[in-house]
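# Observations on the model geometry
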Amino acid sequence: GGIEFSTGTSSRREAEIQLADYIGQKFRPSGPVTAEDIKVGHILAIYAEEHAPHVADPARIGYAIDALDPFWGDLPASAVKGATCRRYAAYRDRSDATIRRELGTLQAALNHCAREGYLLGAPLVTLPDKPRSKERWLTRDQAAALLWAARSLRIDGRQQLQRFIITSLYTGTRKTATLALAIDLPSAHAGWIDTERGVLYRMGDGETVTNKRRSVARCPARLLAHVRRWKRLGAVYVCENHEGNRVKEVKKGWMNAVKIASQIVDMGEGVTPHILKHTAITWAMQNGASKEDAASFFSTTIQTIESTYWHHSPYCQSSVVDAIDNRRSTK
C-alpha cells in the first residue's frame, strides 16, 4: 500500500525475514471468517506460531506442517473434505500411520483457529483407517543376542547401548525418555532414577504432560542394582558416552547391534528401539502382571493393554477355559 515500514537493518537477509513476517500478519484475519475466506497455509502458520511453542515436542508439529503445506497451503479451508484428504494421501504416498499423524495436525490447526476466533467452524478432516497395533516383541534369546551384540561394539558405543537396552527392557520406557534419564539428579527438563527410594521418574518437574504418558514407576530390583553399580562407576546419566555426556541418539549403534545379533539368532524384520517397550509389556503379561498394574507401570491405558497385550497373559479368558475344561456332562 502507500505506507512504508522501515526494517531498521542494512542486511538483506534480515530485511527479507521481516518482510515475510509482515506479509504473514497482513493476510491474517482480524476476526472470524468463513472457511472459504482463509487459506490452509495461513491456518497452519497461526497454529505453528501460537500453539507449537508451548508443546513438549514442537518439532513434530513442524515436520507435519512441512509435509502439509506444499499440498494444502494455497487451498481454502473449505477444500478440506474427504476427497481432498484422499488425494493428499495419494500425493504423499506414505504409510497410513504417517498420513494420520499429518492430517491429525491439520485438524488440530483448524480446531485451534476456530477456538481462537479466526475461523467460523472447523471443517472435518478425513483420516485413513487406523493401522492395526504392531505385536512385534523379542524372545529372551533374541534379547540376549542383542545385548551380546551391543557388548561387541566399539568402546565408545557399547556401554551406552547396553544400558539403554537394559533400562528399556526392565521399564518399557520410550526411547527419548530413556536416553534423557539421569541418576539421582532431579531436573525440570528430564526424568531421573532415585536409587535411594527405588523410583523411576520418567519426566522432569517442568516438562509438559503430553499424550505420550510418562508416569512415575517403581524401579525393579534388578535394574536398581545395575543403576547403583553405574553410579559407583561414576555415571551421572543412564546413557552417557565415554566423556560423561548424555547420549541423545543410539540409532547407529542399534543398527550395528541388530546386524550382529542376526548372525546369532533370527531377529526378524522391523527391529527398532521401540520394540523394547513392546517386549517389556509382553514379558510382564506372560509372567502374570495384572492389567491395572501394567497400565500404571508402563504409562499406557488399560484399553491398550487389553487390545494389544492381554492375550499373552495366563489369566486371559482363564475363567472361561476353566469352565469349559471342568464342565460336567448333563443328562
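These lines cover the structure that appears in this document, whether it is placed above or below.

Criteria and cut-off values
Residues numbered from 1 in each chain as written. Predicted model: local features only at pLDDT ≥ 70, side-chain atom pairs only at ≥ 80, totals over all residues. Heavy atoms only, no water. Helix = DSSP H or I, 4+ residues; strand = E, 2+ residues; numbered from the N terminus. Buried < 20%, exposed > 50% of the residue type's maximum accessible area, 1.4 Å probe, protein only. Areas by Shrake-Rupley, 256 points an atom, 1.4 Å probe, with all protein chains shown as cover. Contact = heavy atoms within 4.5 Å. Axes fitted to C-alpha atoms, helices over the stretch in contact; angles between N-to-C directions. Parallel < 35°, antiparallel > 145°, perpendicular 65-115°, else oblique. Left-handed = near helix turned anticlockwise from the far one by under 90°. Core = buried A, V, L, I, M, F, W, Y, C linked by side-chain atoms within 4.5 Å.

## Observations regarding the overall build of the protein
A count of helices and strands for the protein gives 14 helices and 4 strands. Looking at the protein as a whole, 40% of its 331 residues are labelled buried. Entry remark: accessible area of the protein is about 19900 Å², with carbon and sulfur atoms responsible for 51%.

## Considering the environment of Thr-173
Checked against the element boundaries, Thr-173 lands in the loop between helix H7 (155-171) and helix H8 (175-179). By relative accessible area, Thr-173 is classed as buried at 4%. For the pair Thr-173 and Arg-214, spaced 41 residues apart in sequence, the C-alpha to C-alpha distance is 7.9 Å. Excluding anything up to four places from it in sequence, Thr-173 contacts Ser-168, Thr-178, Leu-200 and Arg-202.

## Here's the deal with the packing of helix H2 (residues 40-50) against helix H3 (residues 58-72)
Geometry of a packed helix pair, given as the angle between the helix axes and the separation of the axes. It is the contact of H2 with H3, at a shortest axis distance of 10 Å, that shows an interaxial angle of 165°. By the angle between their directions, the pair H2 and H3 is classed as roughly antiparallel. Considering how the two elements wind past one another, H2 and H3 form a crossing that is left-handed. Of the residues in H3, those in contact with Val-40, Gly-41, Leu-44, Tyr-47 and Ala-48 of H2 are Ile-61, Ile-65, Leu-68, Asp-69 and Trp-72.

## So, the nonpolar core
By size, the foremost hydrophobic cluster in this structure holds 37 residues, and its most contacted members are Leu-138, Leu-146, Leu-161, Phe-164, Ile-165, Trp-254 and Leu-276. Secondary-structure elements contributing two or more residues to this core are helix H6 (140-151), H7, helix H9 (221-232), helix H10 (251-261) and helix H11 (275-286). Counting residues per element, this core draws most heavily on H6, which supplies 6 residues. Each residue touching Phe-164, except ones within four places of it in the same chain, is listed here: Lys-175, Thr-178, Leu-179, Cys-239, Val-250, Trp-254, Pro-273 and Leu-276. Of all hydrophobic cores here, the second largest spans 28 residues; its members include Val-33, Ile-46, Leu-68 and Phe-71.

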